[in-house]
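Overview (structure and organization)
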Amino acid sequence: MAAGKKELLMLENFIGGKFLPCSSYIDSYDPSTGEVYCKVPNSGKEEIEAAVGAAREAFPAWSSWSPQERSVVLNRLADLVEQSLEELAQAESKDQGKTLSLARTMDIPRAAQNFRFFASSILHHTTECTQMDHLSCMHYTVRTPVGIAGLISPWNLPLYLLTWKIAPAIAAGNTVIAKPSELTSVTAWMLCKLVDKAGVPPGVINIVFGTGPRVGEALVSHPEVPVISFTGSQPTAERITQLSAPHCKKLSLELGGKNPAIIFEDANLEECIPATVRSSFANQGEICLCTSRIFVQKSIYSEFLKRFVEATRKWKVGMPSDPSASMGALISKTHLEKVRSYVMKARAEGAQILCGEGVDQLSLPLRNQAGYFMLPTVITDVKDESCCMKEEIFGPVTCVVPFDTEEDVIKRANSVKYGLAATVWSSNVSRIHRVAKKLQAGLVWTNCWLIRELNLPFGGMKSSGIGREGAKDSYDFFTEIKTITVKH
Ligand SMILES: NC(=O)C1=CN([C@@H]2O[C@H](COP(=O)(O)OP(=O)(O)OC[C@H]3O[C@@H](n4cnc5c(N)ncnc54)[C@H](O)[C@@H]3O)[C@@H](O)[C@H]2O)C=CC1
Ligand SMILES: N/C(=C\C=C\C(=O)O)C(=O)O
């Protein structure tokens, strides 16, 4: 290594309980500096074959462990993630660009909670039984793990979303092959080091790194992987659906959103404004649940807009390690350019950019000037037909528009292809129930945002996905059900 050059972090695949090198590697960047700092295995079919072999071998024993025995192991994994919280949070922030404080308070605690939650929920499932006395029969159902589960996760909440899939899959007795995003693989690799310590038998959790088209497709197309759980973009979900179709695989698809916030004139703005700034810009706007269309009732529109822009200007962009920063860097140069291009299109269409991109100055230390930073941006005077109001931007950009009536706003909120999440702000309880019911969204938060109850179904309608995740939903997905009839 030449003097002054920093050594790169080299990741390895984790197959059958062993770390294995790969024949080629891809660069992984620190989004806050734009520098390559890590090499990620560029795995392909060969590595998937090896992982399938290991998962196949581990399946008979693991699937015959009792839920109580598996629960003990999941709880140990939760303990180990908690014990490594600081190290994992530092790594997540460096790899993804998010603030260290968010990684510390949200991503890593939730990863531990995912293991602990499914360690508990797996103990409480029951099956059905019915009787047909006139035929001297009884019928009952049993659930069995599906087999080898393929788990593909995105770059925005790396360990949080990967463990949200690994935990229910292994709790139910499956063995897994997980493929994290090639852009954010580090915390998944760190998790592998905890797997053995927790007592997870070799081959139960295999993690294979690399790109979607190469290793992702090899995993999805493999005939011995009958169940695929995916979180990411809609075009990738389409491709996964095509590749799975010849094998009739079980699919769970958690996709994007174009989530509305509907703010009625009787909303408590003291609470609504900071919550809507957070729902628009948390994690750089890179959460599928982030608000990107804000509909405000006409009578309070000017006041809301003024206060919302003031509050957005206080949402500080800074180095991920800066404790006073609310937002870090976006994931990649390509993504930053894509997000900025939406602001340019809005401007060209005659919309007004009230703050952020192209309006305010970003101030960053010299070392971070090649990082992928962008100011939180508020757009107004934008038509419902604009791409900024229709497409998922997945960055710190939100549009604010006025509305007249409840009927009108429901129609407009539902007029996009997505149906993931919505927020409704009002102090009228009847209205809240009425509007929440009519919105085409799998999740509706009223007078709050992103308060999660992991027991209940999580997922979207329309192009936001297929299936739901949660205590019962993930259990149903990762198991096969069988009806048995006994004549006595
Ligand atoms: N949960 C969500 O709603 C997310 C939405 N997105 C949206 O997707 C856009 C693009 O982001 P990407 O990282 O490119 O998302 P993506 O959907 O391409 O990536 C998600 C995961 O799928 C894998 N993947 C990609 N192509 C694949 C293929 N052909 N077969 C199997 N696996 C494949 C990737 O390697 C990654 O692990 C974002 O700008 C955003 O709009 C991105 C991440 C999460
Ligand atoms: N799926 C995503 C977020 C999930 C959050 C949660 O389960 O609490 C995403 O942003 O892709």
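Thresholds, definitions, all that
Residues numbered from 1 in each chain as written. Chains lettered and ligands numbered in written order. Predicted model: local features only at pLDDT ≥ 70, side-chain atom pairs only at ≥ 80, totals over all residues. Heavy atoms only, no water. UniProt positions renumbered as here; feature names shortened; annotations may be inferred. Helix = DSSP H or I, 4+ residues; strand = E, 2+ residues; numbered from the N terminus. Rg over C-alpha atoms; globule rule 2.2 N^0.38 Å. Buried < 20%, exposed > 50% of the residue type's maximum accessible area, 1.4 Å probe, protein only. Contact = heavy atoms within 4.5 Å. Lys, Arg positive; Asp, Glu negative; His and termini not counted. Charge placed at Lys NZ, Arg CZ, Asp CG, Glu CD. Near = heavy atom within 4 Å. Polar contact = N/O pair within 3.5 Å; in protein donor to acceptor, adjacent residues only side chain to side chain. Areas by Shrake-Rupley, 256 points an atom, 1.4 Å probe, with all protein chains shown as cover. Nonpolar A, V, L, I, M, F, W, Y, C, P; charged D, E, K, R; others polar. Domains from an automatic or database assignment. Phe/Tyr/Trp six-rings, centres within 6.5 Å; stacked < 30°, edge-to-face > 60°. Lys NZ or Arg CZ within 6 Å of the ring centre and 35° of its normal. pLDDT = per-residue confidence, 0-100. Arc of directions from axis to C-beta. Pairing = 2+ DSSP bridges. Axes fitted to C-alpha atoms, helices over the stretch in contact; angles between N-to-C directions. Salt bridge = Lys/Arg side-chain N within 4 Å of Asp/Glu carboxyl O.

Looking at an unreviewed UniProt entry, one finds the protein chain named 2-aminomuconic semialdehyde dehydrogenase, with Mesocricetus auratus as its source organism. The UniProt entry for the protein chain carries the following comment under Pathway (unreviewed entry): "Amino-acid degradation; L-kynurenine degradation."

Focus: the overall build of the protein chain
In terms of helices and strands, the protein chain carries 15 helices and 23 strands. What you see for the protein chain is a C-alpha radius of gyration of 23 Å, in line with the 23 Å of a compact globule of 488 residues. Principal axes of the C-alpha set define a box for the protein chain whose edges measure 80 × 70 × 40 Å. For the protein chain, buried positions account for 57% of its 488 residues. Pairs at least 24 residues apart make up 75% of the contacts formed inside the protein chain by residues separated by at least 6 positions. Taken as two groups, the 52 positive and 51 negative side-chain charges of the protein chain have centres that lie 1 Å from each other.

Describing the site of ligand 2
Ligand 2 sits among Arg 110, Asn 156, Leu 157, Tyr 160, Leu 161, Thr 231, Ile 287, Cys 288, Leu 289, Arg 452 and Phe 458. One nitrogen or oxygen atom from the main chain of Cys 288 is found 2.7 Å from an oxygen atom belonging to ligand 2. Computed on the free molecule, ligand 2 has an accessible area of 320 Å², of which 98% lies beneath the protein chains in the complex. Looking at side-chain class alone, the shell around ligand 2 contains seven nonpolar, two polar and two charged residues. Each of domain 1 (9-256 + 464-487) and domain 2 (259-446) accounts for three or more of the residues forming the shell around ligand 2.

Brief notes about the packing of aromatic side chains
A complete count under the given rule lists eight aromatic pairs for this structure. Measuring from centroid to centroid gives 5.0 Å for Phe 14 and Phe 19, while their planes differ by 50°, and the two rings are tilted. According to the relative accessible area criterion, Phe 14 is buried, its value standing at 2%. Measuring from centroid to centroid gives 5.3 Å for Trp 155 and Phe 394, while their planes differ by 80°, and the two rings are edge-to-face. Taken together, the residues span a long stretch of sequence, with Trp 155 in the loop between strand S8 (148-152) and helix H5 (158-171) and Phe 394 in the loop between helix H12 (387-390) and strand S17 (397-403) at a distance of 239 residues. Phe 394 carries the same exposure label as Trp 155, and that label is buried. Joined through ring pairs, the aromatic side chains of Phe 117, Phe 118 and Trp 164 make up one cluster. Against the face of Trp 189 rests Lys 193, its NZ or CZ located 4.0 Å from the ring centre. A cation over an aromatic ring shows up here: Arg 431 above the ring of Phe 264, its NZ or CZ 4.2 Å from the ring centre.

Brief notes about the confidence of the model for the protein chain
For the protein chain, per-residue confidence averages 97 on the pLDDT scale, and 99% of positions sit at 70 or higher. Both confidence scores are given for the complex: pTM 0.97, ipTM 0.96.

Structural notes on the site of ligand 1
By nearness alone, 25 residues border ligand 1, and Ser 153, Trp 155, Glu 182, Ser 233 and Lys 338 come closest of all. Interatomic distance of 2.7 Å between a side-chain N/O atom of Glu 182 and an oxygen atom of ligand 1. Between ligand 1 and the protein, one listed contact pairs an oxygen atom with a side-chain N or O atom of Glu 392 at 2.9 Å. Coverage of ligand 1 by the protein chains reaches 87% of its 800 Å² of free accessible surface.

Comments concerning the environment of Val 72
Within the secondary structure, Val 72 sits in helix H2 (residues 67-83). For the pair Val 72 and Arg 116, spaced 44 residues apart in sequence, the C-alpha to C-alpha distance is 9.5 Å.

What to know about helix H13 (residues 406-413)
Those residues of H13 that sit buried are Glu 406, Val 409, Ile 410, Arg 412 and Ala 413. With its buried residues spanning 165° around the axis, H13 presents them on a single face. Turned more than 90 degrees away from the buried face of H13, the exposed residues are Glu 407 and Lys 411. Those residues of H13 that are buried are in contact with strand S13 (259-263), strand S14 (291-297), S17 and helix H14 (429-438).

Here we look at the sheet that holds S17
Strands pair in a sheet through their backbones, by hydrogen bonds, and they do so in one of two ways: parallel or antiparallel. An order of S15-S16-S17-S14-S13-S19-S20 is seen for the seven strands of this open sheet, with the pairing classed as mixed. Only two strands of the sheet have a single neighbouring strand rather than two, namely strand S15 (352-355) and strand S20 (443-446). The average angle at which neighbouring strand axes cross in this sheet is 25°, direction not considered. One ladder, built from four bridges, connects strand S19 (residues 421-425) with S20; its direction is parallel. When the sheet's bridge partners are listed, Ala 422 is paired in S20 with Val 444.

Side note on the pattern of salt bridges
In this structure the tally under the stated criterion is 25 salt bridges. Here Arg 434 makes a salt bridge to Glu 406, at a shortest N to O gap of 2.7 Å. One end of the pair, Arg 434, is in helix H14; the other, Glu 406, is in helix H13, and 28 residues separate them in sequence. For Glu 406, a relative accessible area of 17% gives the class buried. Residues participating in the shared-partner salt-bridge network are Asp 266, Glu 406, Arg 431 and Arg 434.

Focus on the side chain of Glu 406
A distance of 3.4 Å separates the side chain of Glu 406 from the side chain of Arg 431, its partner in a polar contact. Here Glu 406 is in contact with Phe 264, Arg 431, Arg 434 and Val 435, once residues within four sequence places are set aside.

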